[in-house]
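Structural overview
Residue-level listing of the chains:
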Amino acid sequence: NKDFSSAKKYFYKTLDLKKNNYDYESLANCYQKLGEFEKAIIILKKLIKESFTNSSIFNNIGVALKMTKKYQSALYYFDCGIKNYPKDHLLDFNKANLFREVSNFKDAKKNYAICLKKKKDFFPALINLALINLKENNFNDALKNLNHAQTISKENPVILENLAKTYMIKKNYLKAEFYIR
């Protein structure tokens, strides 16, 4: 947080001197990293209004709105981003995260699948799909997704922990013990 606070001060100074949209975007990113989502939203909306957009602006405003529980607005910006930047997998991933947060698992799974079509080895989507599978007591699909994720990120503690947990639930204690380190 100290680094982002320092960066925020730097961008304040540069904005006074030259006021360019890239610095505003960077300032919004600093606000977001510091958890000051409302300030980030104001800047990001200003940039969109001025037609200064890229996929990360739509993604960041969607995430900031989700963090402030403004789900409909977040969904709107994710959809705008997907429409304008259809190859960006992060927009689909964060849209899926929004659906997962509000327990709309059907739409979450659909959007994680879209994300994975765009970037097949994006293991955070595989992990989140597995977490939904676990909530739905679909242990075989959870294992399939977690094992695939582990082929991409071998030592990821979230993957290993959830593999162990799933094998414990399935009463396969030897396999569970293998993943507990």
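Everything in this summary refers to the structure shown in the same document. Bear in mind that the values here come from a model prediction, so they are computed numbers and not experimental data.

1. Considering helix H4 (residues 55-67)
The end-to-end C-alpha separation of H4 is 18 Å, in line with the 18 Å expected for 13 residues at 1.5 Å each. Taken across its 13 residues, H4 has 11 buried, putting it largely inside the fold. Taken as a whole, H4 has its buried residues at Ser 55, Ile 57, Phe 58, Asn 59, Asn 60, Ile 61, Gly 62, Val 63, Ala 64, Leu 65 and Lys 66. Against the buried residues of H4 lie helix H2 (21-33), helix H3 (37-49), helix H5 (71-84) and helix H6 (89-101). A positive backbone phi angle near 65° is found at Lys 69, which sits one or two residues after H4.

2. Things to note about the nonpolar core
Counting residues in hydrophobic clusters, the biggest one holds 53 residues, and the most contacted among them are Ile 43, Leu 47, Ile 61, Tyr 112, Ala 125 and Leu 163. Apart from the residues within four sequence positions on either side, Ile 61 is in contact with Ile 41, Leu 44, Lys 45, Ile 48 and Tyr 77.

3. Comments concerning the packing of aromatic side chains
Counted according to the given criterion, the structure contains seven aromatic pairs. For the pair Phe 93 and Tyr 112, a centre-to-centre distance of 5.9 Å together with 55° between the ring planes defines the contact as tilted. In this pair, Phe 93 sits in helix H6 while Tyr 112 sits in helix H7 (residues 105-118), placing the two residues 19 residues apart along the sequence. Its relative accessible area of 11% is what places Phe 93 among the buried residues. Tyr 112 sits in the buried class, given a relative accessible area of 0%. Measuring from ring centre to ring centre gives 5.0 Å for Phe 93 and Phe 122, while their planes differ by 90°; the resulting arrangement is edge-to-face.

4. Focus: unusual backbone geometry
Positioned with a positive phi, Lys 69 is a non-glycine residue whose angle comes to about 65°. Secondary-structure assignment places Lys 69 in the loop between H4 and H5. Backbone geometry places Ser 103, a non-glycine residue, at a positive phi of 65°. Within the secondary structure layout, Ser 103 lies in the loop between H6 and H7.

5. A few points about the environment of Ile 114
If you trace the backbone, Ile 114 turns up in helix H7. Taking the C-alpha atoms as reference, Ile 114 lies 7.8 Å from His 89; in sequence the two are 25 residues apart.

6. A look at the packing of helix H9 (residues 139-152) against helix H10 (residues 157-169)
How two helices sit against one another is set out by the angle between their axes and by the gap between those axes. It is the contact of H9 with H10, at a shortest axis distance of 10 Å, that shows an interaxial angle of 150°. On the basis of the axis angle, H9 is roughly antiparallel to H10. Once H9 is placed against H10, the crossing between them reads as left-handed. Here Phe 139, Leu 143, Leu 146, Asn 147, Ala 149 and Gln 150 of H9 lie close against H10, whose contacting residues are Ile 159, Leu 160, Asn 162, Leu 163, Thr 166, Tyr 167 and Ile 169. Here the residues of the contact of H9 with H10 sort into nine nonpolar, four polar and no charged.

7. Quick look at the pattern of salt bridges
All chains considered together, the criterion is met by eight salt bridges. For Glu 50, the salt bridge is made with Lys 46, and the minimal N-O distance between the two is 2.9 Å. Judged by relative accessible area, Glu 50 falls into the partly exposed class, the value being 41%. Relative accessible area serves as the criterion here: at 33%, Lys 46 is assigned to the partly exposed category. The residue Glu 101 makes a salt bridge to Lys 69 at a minimum N-O spacing of 3.4 Å.

Rules of the game
Residues numbered from 1 in each chain as written. Predicted model: local features only at pLDDT ≥ 70, side-chain atom pairs only at ≥ 80, totals over all residues. Heavy atoms only, no water. Helix = DSSP H or I, 4+ residues; strand = E, 2+ residues; numbered from the N terminus. Expected span 1.5 Å × (residues − 1). Buried < 20%, exposed > 50% of the residue type's maximum accessible area, 1.4 Å probe, protein only. Contact = heavy atoms within 4.5 Å. Core = buried A, V, L, I, M, F, W, Y, C linked by side-chain atoms within 4.5 Å. Phe/Tyr/Trp six-rings, centres within 6.5 Å; stacked < 30°, edge-to-face > 60°. Axes fitted to C-alpha atoms, helices over the stretch in contact; angles between N-to-C directions. Parallel < 35°, antiparallel > 145°, perpendicular 65-115°, else oblique. Left-handed = near helix turned anticlockwise from the far one by under 90°. Nonpolar A, V, L, I, M, F, W, Y, C, P; charged D, E, K, R; others polar. Salt bridge = Lys/Arg side-chain N within 4 Å of Asp/Glu carboxyl O.

Any link to function would need more than the numbers given here.
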